[in-house]
Amino acid sequence: SQQGEEDPQALSIQEGENATMNCSYKTSINNLQWYRQNSGRGLVHLILIRSNEREKHSGRLRVTLDTSKKSSSLLITASRAADTASYFCATGGNAGGTSYGKLTFGQGTILTVHP
Amino acid sequence: GAGVSQSPRYKVAKRGQDVALRCDPISGHVSLFWYQQALGQGPEFLTYFQNEAQLDKSGLPSDRFFAERPEGSVSTLKIQRTQQEDSAVYLCASSLVRSRNTEAFFGQGTRLTVV
């Protein structure tokens, strides 16, 4: 079963604009990860944020986590056409649960960046 | 190899036929996961191996699904008597250690179509 829900389901922007995607989840987590998927390269890990972290940056990516609201957001700044892909959040390891990195994915946001 | 390799990339099976999907993880990776991704959905966990031991098979949808990793490296997912609802992309992922807080590396998947 799907753990989280992403919104929006689809997002269309112009190159250079920022893109924000949101993810909500239901159970307690150890960490939350964001992945990108396109037809050429499969699923690629973008960033991992632990449950005791509130914000993390990696290049043009900024991820926030609010465990009290069970939600996370992914911000892509200065978007490029090459950012066009589906983006998934995935929760890893319930607190007190599995220790081996089983991931529970949301349904994804389809991002289209127009040149 | 450089990444996780899956074969075949595409498989068309007649309903009732048995299929075998192969995964070559990154050399030295302890953890290996299989996920199933239906069209327009996020991946869903099927099973987990730590080396050759199958520690979690809670996501396998029926007893027609069987996975093995006999020598702790290559893994095979076998589906017996395929049904149309088995049509999906099957993703394999590996990670270096057994840990919640570690990145998973995904293969490009095998797209199975049951006709």
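Here we come to the nonpolar core. Core analysis: the largest hydrophobic core is formed by 22 residues, its most contacted members being Leu-32, Trp-34, Leu-74, Ile-76, Tyr-87 and Leu-111 of chain A. Mapped by element, the contributors of at least two residues to this core are strand 2 (10-14), strand 3 (19-24), strand 4 (31-38), strand 5 (42-50), strand 7 (61-66), strand 8 (71-76), strand 9 (85-92) and strand 11 (109-114) of chain A. Not counting chain neighbours up to four residues away, the residues in contact with Leu-32 of chain A comprise Cys-23, Tyr-25, Ile-47, Leu-48, Ile-49, Leu-65, Ser-72, Cys-89, Ala-90 and Thr-91 of chain A. Counting 20 residues, the second largest nonpolar core, distinct from the first, contains Ile-26, Trp-34, Tyr-90 and Leu-112 of chain B.

Here the focus is the pairing of strand 11 of chain A. All names here are of chain A. Burial along strand 11 is one-sided: Thr-109, Leu-111 and Val-113 are buried, and none of Ile-110, Thr-112 and His-114, which face the opposite way, are. The pairing of strand 2 with strand 11 spans five bridges and is classified as parallel. Within the sheet, the bridge partner assigned to Ile-13 lies in strand 11 and is Val-113. Where strand 9 lies against strand 11, three bridges are found, and the strand directions are antiparallel. Across the sheet, Ser-86 pairs through a bridge with Ile-110, a residue of strand 11.

Counted by the stated rule, this structure contains two disulfides over all chains. Disulfide pairing is shown between Cys-23 of chain A and Cys-89 of chain A; the S-S distance is 2.0 Å. Taking the sign of the S-S torsion, 65° for the link of Cys-23 of chain A and Cys-89 of chain A, the bridge is right-handed. One end of the pair, Cys-23 of chain A, is in strand 3; the other, Cys-89 of chain A, is in strand 9, and 66 residues separate them in sequence. The pair formed by Cys-23 of chain A and Cys-89 of chain A is uniform in burial state, with each residue classed as buried. Here Cys-23 of chain B engages in a disulfide with Cys-92 of chain B; their sulfurs sit 1.9 Å apart. In this structure, the disulfide formed by Cys-23 of chain B and Cys-92 of chain B twists by about -65° around the S-S bond and is classed as left-handed. Here Cys-23 of chain B is found in strand 3 (residues 19-24), whereas its partner Cys-92 of chain B is found in strand 9 (residues 88-95), with 69 residues between them in sequence.

Rules used throughout
- Residues numbered from 1 in each chain as written.
- Chains lettered and ligands numbered in written order.
- Predicted model: local features only at pLDDT ≥ 70, side-chain atom pairs only at ≥ 80, totals over all residues.
- Heavy atoms only, no water.
- Core = buried A, V, L, I, M, F, W, Y, C linked by side-chain atoms within 4.5 Å.
- Buried < 20%, exposed > 50% of the residue type's maximum accessible area, 1.4 Å probe, protein only.
- Helix = DSSP H or I, 4+ residues; strand = E, 2+ residues; numbered from the N terminus.
- Contact = heavy atoms within 4.5 Å.
- Pairing = 2+ DSSP bridges.
- Disulfide = S-S within 2.5 Å.

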